[in-house]
Amino acid sequence: MMRCQGIRSGVLLRTLVKTAIILSGAMDRWGFLHHATDAGVLSFPFKSFRQEGIRPDWETGVRIHMAAVRRIVTTGKLQFSISLWLTVMCFQQILATPHPDWNQYLPKLHPRLLMFQFKLPRLVPRMDCADIYREGFHTSGVYQIYPSGPFVPLNVYCDMVTDGGGWTVLQRRNNGSVDFYRGWDDYKRGFGTADGEYWLGLENIRSLTARRQYELRIDLEDFENRTVYAQYRRFALSPNAINAEENGYRLQVMYFIDGGAGDSLAYHNGLKFSTFDRNHQALLNCAEKCSGAFWYKSCHTANINGLYLKGAHSSYANGIHWATWTGYYYSLKATAMKIRPISLPFPV
C-alpha cells in the first residue's frame, strides 16, 4: 500500500479515474453495461444513448464523483493500491465478454479496493431484442445486439409489440425493394437494411440459437390485408453440429401453434439450407427452380424468400408462398420471421 499525497499523487489518481471512466464509457456506448449502483457507492454512470437501447435513467454526472475524489486527495488521507485499481480496470474489460456466469463473481471481489466502498457495474451483453425489451424499451425499431461477441454489433429490427414483444426479426419483406434471389455467401452473412427488407444471415441466426433456446413466429400478410401466423415453440439451426456451415445450417422446428396460417414448415424440418449456387438436394436444384433460397426438399411448402410477385401469378411455386394458406399461385405481400427466448416469462 502507498499513501497518496501532494500534487503528483493527486494527478495520478485523477488520471487513473479518468482512464477507468473512458474505458467504462466506451463499453457503455457499445451496449454491454447494465448499471447497478446504490447511494453512497462510487460508480461510473454515463450519458444515455437511447437510440442504442441503453436505459435512460443514469443522469448522474461524473464530475460529482471527481469532485469527491479531489476533496479526499487534498486531505492526504486516501490510501489505495495501484495494482488493485489496475485489476479493477482489467475486470471491466474481461467481464464484458459474453459469459452468462460472470456476474455471479462480482460480489466475491475484494470489498474495499479503496478506503470507500466500490462496486462494478453489472456487465451483460445484449444478446437479442428480448434483453432490450427487459431494459424497458418497448418501442419497435432498429437496435444493436451482440450475438457474436461484445465487439461485433449487429443491427436488427425488434418487434416490441406482437404477443408481448421482445422479438428479434430474422427476415422481413413488405415491398419488394430488396432482391432475395441471392447466392450462398449473401445468405450466410445477411443482406438488406434493418429498417427495411432484410435477411439477418445464417451465421448470425446460428450464433443466436446456439446461446439460448428460442421460439419462432412467422407473420404473413396478403394483398387483401389479411394476416395470419405460424408459431413453433422450438427453433434452432444445426443445434448439435460442430461446424454449422458444413452441416448446412440444418433447420429444427418443433411444437407447432396455428395462428391461421397452417403448418407449412413441418415439411422442411431437418433439412439443409440451399441457394442456387449451393444445392443440398442432390438431383434437383430447388433454389434455382423456385427462384429463392430456403431449406428445400423437393421442393417446398414454404418459400418466403421467393420472388416478390404481388399476389396472384401464373408461374408455379416461385413467389413468396406459404402453401397451407395461399397455395403456390399467390405471392404474399409481407412476411416476417422472428424469434424470442422461451425461457423468459412472456405470454404463451
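Residues numbered from 1 in each chain as written. Predicted model: local features only at pLDDT ≥ 70, side-chain atom pairs only at ≥ 80, totals over all residues. Heavy atoms only, no water.

### Here's the deal with the pattern of salt bridges
A side chain of one charge can pair with a side chain of the opposite charge when the charged atoms of the two come close. Going through the model one piece at a time under the given rule, you end up with 15 salt bridges. K338 is the partner of D159 in a salt bridge, and the nearest nitrogen-oxygen pair spans 2.7 Å. Here the residue D159 occupies a position in strand 6 (residues 154-159), and K338 occupies one in strand 17 (residues 334-341), the gap between them amounting to 179 residues. Beyond isolated ion pairs, a larger network of salt bridges with shared partners links D159, R217, D219 and K338. (Salt bridge = Lys/Arg side-chain N within 4 Å of Asp/Glu carboxyl O. Helix = DSSP H or I, 4+ residues; strand = E, 2+ residues; numbered from the N terminus.)

### Structural notes on the state of the cysteines
Inspection of every chain in the model, using the stated rule, returns two disulfides. Disulfide partner of C129: C158, at an S-S distance of 1.9 Å. Measuring handedness by torsion sign, the sulfur bridge of C129 and C158 sits at about -75° and is left-handed. With C129 in helix 4 (residues 129-134) and C158 in strand 6, this pair connects stretches of sequence that are 29 residues apart. The residues C129 and C158 share a single accessibility class, namely buried. The partner cysteine of C286 in its disulfide is C299, sulfur to sulfur 2.1 Å. (Disulfide = S-S within 2.5 Å. Buried < 20%, exposed > 50% of the residue type's maximum accessible area, 1.4 Å probe, protein only.)

### Remarks on the environment of C158
Given a relative accessible area of 0%, C158 falls into the buried group. Excluding residues within four positions of it along the chain, C158 makes contact with C129, I132, S140, G141, Y143 and W167. (Contact = heavy atoms within 4.5 Å.)

### Quick word on the side chain of T335
Among the structural elements, T335 can be located in strand 17. There is a polar contact of 3.0 Å between the side chain of T335 and the side chain of Q171. If near-sequence neighbours (up to four positions away) are discounted, T335 is found in contact with Q171, R172, R173, D219, L220, I304 and I320. (Polar contact = N/O pair within 3.5 Å; in protein donor to acceptor, adjacent residues only side chain to side chain.)

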